[in-house]
Amino acid sequence: MSRIPLQSPYFGIFVMLILAFCVFSLIVKLSSLVGSRLADRRDERLKGEIYESGPEAVKQPNRMNSHFFLIAVLFILFDVEIIFMFPWAVNFKILGVFGLVEMAFFIVLLGIGFIYAWKKGALNWQSIR
């Protein structure tokens with residue numbers, strides 16, 4: 001029979017990760033259950049009433065432009081580029097020519113992605129397709 005090596009220095013971290021995930025899931029489920037049980041559903045009519053002299057409330061779906069999310073994802077994508085470039089810049093002398101070639105390749109790939117997004121019109125706010 002083979003034994004599972006429990007002597008690994010990372011075994012405790014793995015157990016803590018699993019435990020934290022289980023506790024997080026339990027808290028989310030419990031708060032959802034408590035919230036649905038304690039929610040007061042009788043005030044729907046009050047929410048639709050006119051407040052002082054304001055306009056009459058009209059129920060309509062919340063329409064949010066999905067293009068906003070595309071811009072946000074592209075921002076995060078190109079912002080992560082800086083996170084990868086910082087350690088490279090710190091260790092530039094140690095990495096030498098190999099590091100320079102690898103970073104050039106990385107920047108070229110990001111440039112291709114940027115040009116692709118630009119050509120598709122992802123950066124134009126007015127063109128919603």
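The shown structure was predicted, so the numbers you read here are calculated from the model rather than taken from an experiment. Starting from 1, residues in each chain are numbered consecutively following that chain's sequence as written. The model is predicted, so local features are restricted to residues of pLDDT at least 70 and side-chain atom pairs to those at 80 or more, both for listing and for counting; the totals for chains, interfaces and linings are taken over all residues. As a rule here, side-chain values come from all non-hydrogen atoms in the structure, and water together with hydrogens is ignored.

Here's the deal with helix H4 (residues 92–120)
Elements are defined by DSSP. Helices are runs of H or I of four residues or more, strands are runs of E of two residues or more, and each kind is numbered from the N terminus. Here the expected span of a helix is defined as 1.5 Å times the quantity of residues minus one. With 29 residues, H4 should reach 42 Å at 1.5 Å per residue; the first-to-last C-alpha distance of 35 Å falls well below that figure. If you look at H4, its biggest bend is around 70°, right at Phe98. For each residue, the accessible area found with a 1.4 Å probe, counting protein chains only, is set against the maximum for its type, and the residue is called buried under 20%, exposed over 50%, and partly exposed in between. Taken residue by residue, H4 has Gly99, Met103, Leu110 and Ala117 as its buried positions. Throughout, a contact is declared for two residues whenever any of their heavy atoms are within 4.5 Å. Tucked inside the fold, the buried residues of H4 contact helix H3 (66–90). Two residues or fewer past H4, Gly121 is found with a positive phi of approximately 85°. Take the seven residues that end at a residue and the seven that start at it, fit an axis to each, and the angle between those axes is the bend at that residue.

Remarks on the environment of Leu74
Tracing the sequence through the fold places Leu74 in helix H3. Measuring from C-alpha to C-alpha, the distance between Leu74 and Ala122 comes to 8.8 Å, with 48 residues separating the pair along the chain. Apart from the residues lying within four places of it in its own chain, the contact partners of Leu74 are Ala117, Ala122 and Leu123.

Here we look at the UniProt feature "transmembrane region" (unreviewed entry) in the chain
UniProt positions are given in the numbering used here, feature names are shortened, and annotations may be inferred rather than shown by experiment. Feature annotation in UniProt assigns "transmembrane region" (unreviewed entry) to the following positions: residues 12–35, 68–88 and 94–118. Regarding residues 12–35, the helix share stands at 100% and the strand share at 0%, and the terminal C-alpha atoms are separated by 34 Å. Between the first and last C-alpha atoms of residues 68–88 the distance is 31 Å; the span itself is 100% helix and 0% strand.

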